[in-house]
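Per-entry structural report
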Amino acid sequence: MKKSIIILIIAFIGISSGFAQDWQTDFSKAKELATKEKKPIILVFQGSDWCAPCIKLSREIWSTETFITYAKDNYIMFQADFPRKKKNALPEKQAAANAKLAEIYDKNGVFPLVVVLDNRGNLLGETGYKKTTPKAYIQELDSFIK
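What you are looking at is a predicted structure, and each value in this text was computed from that prediction instead of being measured.

**Section: the packing of aromatic side chains**
Throughout the structure, instances matching the rule amount to ten aromatic pairs. The interplanar angle of 65° and the centroid separation of 5.0 Å between the aromatic rings of Trp 62 and Phe 67 together place this pair among those described as edge-to-face. Across the pair, exposure class does not vary: Trp 62 and Phe 67 are buried alike. Above the plane of the ring of Trp 50 lies Arg 84, whose end atom (NZ or CZ) is 3.6 Å from the centre.

What follows is the structure in structure tokens.
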């Protein structure tokens, strides 16, 4: 019985991690990957523990199988998070790096802000939360690239 439960837990973890979004948090590395893989960067400014539209965007778009599968082959995903709860605080270095990116790409402090960039960090387009399907959201992101 115990062995069966352990096997089920391992299988569940394997399946759920197989559909996890691969978020970058180092912008230099994201640009290197974008150049190497010839993909645009999707830079997401979010407040993961306080911003209701950010949480909805994560749940309705970023964490869906449709988006994760497409993004893996077509985008470099970068997350600039600005949590407010102490228990979710980022390391100082990461918080400072995210603030620096916000000074460049999110001067008005909009959350969520989804910025599409080329491999050098040049702005191609931007959007935010929309009540839509993952497929329609992908089409919007792709429209900035072409």
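Picking up where we left off.
**Observations concerning the confidence of the model for the protein**
Scored by pLDDT, the protein comes out at a mean of 90, with 87% of its residues at no less than 70. When the criterion is pLDDT under 50, residues 3–18 qualifies, and its contacts beyond four places in sequence or with other chains add up to one contact.

**Focus: the pairing of strand E4 (residues 113–117)**
Here E4 lies mainly inside the structure; five of its five residues are buried. The side-chain alternation of E4 yields two buried faces, one formed by Leu 113, Val 115 and Leu 117 and the other by Val 114 and Val 116. Pairing of strand E2 (residues 41–46) with E4, which is carried by five bridges, proceeds in the antiparallel orientation. Across the sheet, residue Ile 41 finds its bridge partner in E4, namely Leu 117. Taken together, the four bridges between E4 and strand E5 (residues 123–127) define a ladder with antiparallel strand orientation. The residue bridging Leu 117 from the neighbouring strand is Leu 123, located in E5. In this structure, the hairpin formed by E4 and E5 is closed by a connection of five residues, where Gly 121 is found at a positive phi of approximately 95°.

**Topic: unusual backbone geometry**
The omega angle of the peptide bond from Phe 111 to Pro 112 is -10°, so this bond is cis rather than trans. Within the element layout of this structure, Pro 112 appears in the loop between helix H5 (92–105) and E4. Positive phi, close to 55°, is recorded for Lys 38, a residue that is not glycine. Mapped onto the secondary structure, Lys 38 falls in the loop between helix H2 (27–37) and E2. Residue Lys 38 is classed as exposed on the basis of its relative accessible area, which comes to 75%.

**Here we look at the side chain of Gln 21**
Position of Gln 21 relative to the elements: it lies in the loop between helix H1 (2–18) and strand E1 (23–24). In this structure Gln 21 comes out as buried when scored by relative accessible area, which is 16%. Setting aside chain neighbours within four positions, we find Gln 21 in contact with Trp 62, Phe 67, Ile 68, Ala 71 and Met 77.

**Digging into the environment of Lys 29**
With respect to the helices and strands, Lys 29 occurs in helix H2. Residue Lys 29 is classed as partly exposed on the basis of its relative accessible area of 43%. Sequence separation of Lys 29 and Phe 78 is 49 residues, and the distance between their C-alpha atoms is 9.9 Å.

About the thresholds
Residues numbered from 1 in each chain as written. Predicted model: local features only at pLDDT ≥ 70, side-chain atom pairs only at ≥ 80, totals over all residues. Heavy atoms only, no water. Phe/Tyr/Trp six-rings, centres within 6.5 Å; stacked < 30°, edge-to-face > 60°. Buried < 20%, exposed > 50% of the residue type's maximum accessible area, 1.4 Å probe, protein only. Lys NZ or Arg CZ within 6 Å of the ring centre and 35° of its normal. pLDDT = per-residue confidence, 0-100. Contact = heavy atoms within 4.5 Å. Helix = DSSP H or I, 4+ residues; strand = E, 2+ residues; numbered from the N terminus. Pairing = 2+ DSSP bridges.

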